[in-house]
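Chain residues, written in single-letter form:
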Amino acid sequence: MAAADAKPRLNVPPSMAAALRLDPQPHVGARRLAEAPRTPSPSSKSTTYSDRFIPCRSSSRLHNFALLDSPSKDDTPYSRLLRAELFGPDSPSPGAAASSPNTNTNLFRFKKDHSAATSPFAAAATDPHNDCTAGSGETAASPPRKVPKTPHKVLDAPSLQDDFYLNLVDWSSHNMLAVGLGTCVYLWSASNSKVTKLCDLGPRDTVCAVHWSREGSYLAIGTGLGDVQIWDTSRCKRIRNMGGHQTRAGVLAWSSCILSSGSRDKNILQHDIRVPSDYISKFSGHRSEVCGLKWSHDDRELASGGNDNQLLVWNQRSQQPLLRFTEHTAAVKAIAWSPHQQGLLASGGGTADRCIRFWNTANGNVLNSIDTGSQVCNLAWCKNVNEIVSTHGYSQNQIMVWKYPSMSKVATLTGHTMRVLYLASSPDGQTIVTGAGDETLRFWNIFPSVKTQTPVRDIGLWSFSRSHIR
C-alpha cells in the first residue's frame, strides 16, 4: 500500500543528469530534470533523486543582452563556456574585435528589443492611434470638470410669462440682456448691472419675442398683435414697425439684414430692413403655430419647428421646405445649429416626445435620439467645447449639460420651480441665463472658456422690481 501511494520518481543515472544539466542547446518550454543522487535513506531500497526547475530559455529574452567586445586575453575557457551556456554554441567570439586598451570590459550590455514590435501588447502601448491608449490618455489629461450646482446670479422677473410658445429672453454680443415682461422690454447690462426700460407697448399689446441682431445694435420685438418692431437700443428709438402676421409673432431669428418671424398664423415671414415693404417672402409649411426658428451659422439654412410636431429646413431661394422631419411626437420649440460641424442640427420635442434628436441636413439622416425624460424647452450649443445644454419642463424643470457626440451627462442643474422656458448664452460662451414662470432669471457658469477649463464661480444676488430692473 505504501508503494502504491508514493510519488513516482524519475531515476536518471548520474552521467546522464550531468549531461542534461550542461546541455548547451536551447530548450522549448520548461523541463524538469533530475539532479545528482543524494544519500539513500536507510528505509529506501533504491536511489532517490530530487527535482529542479529550468525555465524556458526562448521566453526569458536573454538574447536582449550581448557580450561586449573584450580583449583577447579575457577569452578564457570559462568565458567561452559561459557564453555558450547563455547564447548557444554558435555565439561569436569577442576576442578578435578588441582594438583598444580602453575598451569597456563589462560583461553585458543591453540592446534594443526588436521583437517587442511584434507583440500586440507593445503595439497597444505605443500606437497613438490605438483606441485604448487614446481613451486612457484623454481620461488622464482631462478629468471630469466640476460644474457649479447653483446659479451665480438670480434676478427677480415679475410678469415673466409661463408660455411654452414665447421667447422672451436674449443676450446680445454687446453683453446686454433683453427681457420681455408683460407689455414692457427691459435691458440689463451684464457689465455694470445698469437697467434700461426700452419700451412699453401699451395696454392693448404684449411682448411675445425678443431677439438681438448679430452685431448687437438692434433688437427685434414680436408683439401679440402680430407686428415686428426694430429698435435701435443705443438711442432707445424704434426705427421700424412691420406687419404681415394675423396674430402673435412668438419667435424671431436674424440672418444678417434678414429677420425671420414665426407666428400663430402658421406662417414664417422674411423681413428685409433695407427695403420699405413689410416682408419680402412668406414660408407656409407648418399646419400649426410656429414656435422655433434658427438660422444656420453660415446663413444658408433656416430651421423651423411648430406645434404640428414638425421640423422643417428652408433656404432663401425656395418657397417649399428642403427637408421635413416628422419623427417628433410633440411641439418642436428647441432648435440649435452646431457651431462645430456644418449641417448638424439638434431639436427637442415637448411633453409627449421628450427627445433630443440630431440631424444631418446635408443628407436628411437622423444621427441620434436621446430620451431626456421631460419636456424639452430649449437647446444651445457651447462655442468653446463640443457640448450642448438643454432646459426642461414637466416634470423635473431641470437644466442638463451633455457632451456631444457621446451624449453623456456633464451636469444636471435644478433650482427653478416651474418650466425652464427661456434660455440665452453670454457672448463669451461660458454663462447661460434661464428664465421660468416662477418669475426668476438664473445665471449659471456651466461652460469652460477657450483658455481656462474651469469656470469661475461668483455667487451674487440681484433683483427686478415691479417697475424696473434694479
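By the naming in an unreviewed UniProt entry, the protein chain is CDC20/Fizzy WD40 domain-containing protein, taken from Urochloa decumbens. Regarding the protein chain, the UniProt comment filed under Sequence similarities (unreviewed entry) reads as follows: "Belongs to the WD repeat CDC20/Fizzy family."

(A) Broad picture of the overall build of the protein chain. Along its length, the protein chain carries 5 helices and 32 strands. Counting every position in the protein chain, which comprises 470 residues, the buried fraction comes to 47%.

(B) View of the packing of aromatic side chains. Enumeration according to the criterion identifies 8 aromatic pairs in this entry. Between W188 and F443, the ring centres sit 5.3 Å apart and the planes meet at 50°, which makes this aromatic pair tilted. Note that W188 is positioned in strand 8 (residues 184–189) and F443 in strand 32 (residues 440–445), a separation of 255 residues in sequence. In this structure, W188 and F443 share a single accessibility class: buried.

(C) Quick peek at the UniProt feature "repeat: WD" (unreviewed entry) in the protein chain. Mapped onto this structure's residue numbering, the UniProt feature "repeat: WD" (unreviewed entry) falls at residues 283–324, 325–369 and 413–446. Strand forms 56% of residues 413–446 and helix 0%; the C-alpha atoms that close the span are 10 Å apart.

(D) How the structure looks around the pattern of salt bridges. Evaluation of the coordinates by the stated rule reveals 12 salt bridges. Note that D163 and R248 form a salt bridge whose closest N and O atoms lie 3.1 Å from each other. Linking D163 in the loop between strand 5 (153–156) and strand 6 (169–171) with R248 in the loop between strand 13 (237–242) and strand 14 (249–255), this pair joins segments that are 85 residues apart in sequence. Comparing D163 with R248, the two get one shared label, buried. Salt-bridge contacts for D299 lead to R214; the nearest nitrogen and oxygen are separated by 2.7 Å. Within this pair, whereas D299 is found in the loop between strand 18 (290–295) and strand 19 (302–306), its partner R214 is found in the loop between strand 10 (207–212) and strand 11 (218–223), the two being separated by 85 residues in sequence. Under the relative-accessibility criterion, D299 is labelled partly exposed at 21%. Taking relative accessible area as the criterion, R214 reaches 41% and is therefore assigned partly exposed.

(E) How the structure looks around the pairing of strand 19. With 5 of 5 residues buried, strand 19 is to be regarded as a mostly interior element. The alternating pattern of strand 19 places L302, S304 and G306 and A303 and G305 on opposite faces, both of which are buried. Once strand 18 ends, the chain turns through 6 residues before running back antiparallel as strand 19, passing D299 with a positive phi of about 65°. Bridge count between strand 19 and strand 20 (residues 311–314): 4 bridges; the pairing is antiparallel.

(F) Focus on the confidence of the model for the protein chain. Per-chain confidence: the protein chain averages 79 in pLDDT, with 68% of residues scoring 70 or above. Taken as a whole, residues 1–10 scores under 50 in pLDDT and shows 3 contacts with residues more than four places along the chain or in a different chain. Note that residues 64–73 has pLDDT below 50 and, in this model, 32 contacts with residues that lie over four places away or in other chains.

How each quantity is defined
Residues numbered from 1 in each chain as written. Predicted model: local features only at pLDDT ≥ 70, side-chain atom pairs only at ≥ 80, totals over all residues. Heavy atoms only, no water. UniProt positions renumbered as here; feature names shortened; annotations may be inferred. Helix = DSSP H or I, 4+ residues; strand = E, 2+ residues; numbered from the N terminus. Buried < 20%, exposed > 50% of the residue type's maximum accessible area, 1.4 Å probe, protein only. Phe/Tyr/Trp six-rings, centres within 6.5 Å; stacked < 30°, edge-to-face > 60°. Salt bridge = Lys/Arg side-chain N within 4 Å of Asp/Glu carboxyl O. Pairing = 2+ DSSP bridges. pLDDT = per-residue confidence, 0-100. Contact = heavy atoms within 4.5 Å.

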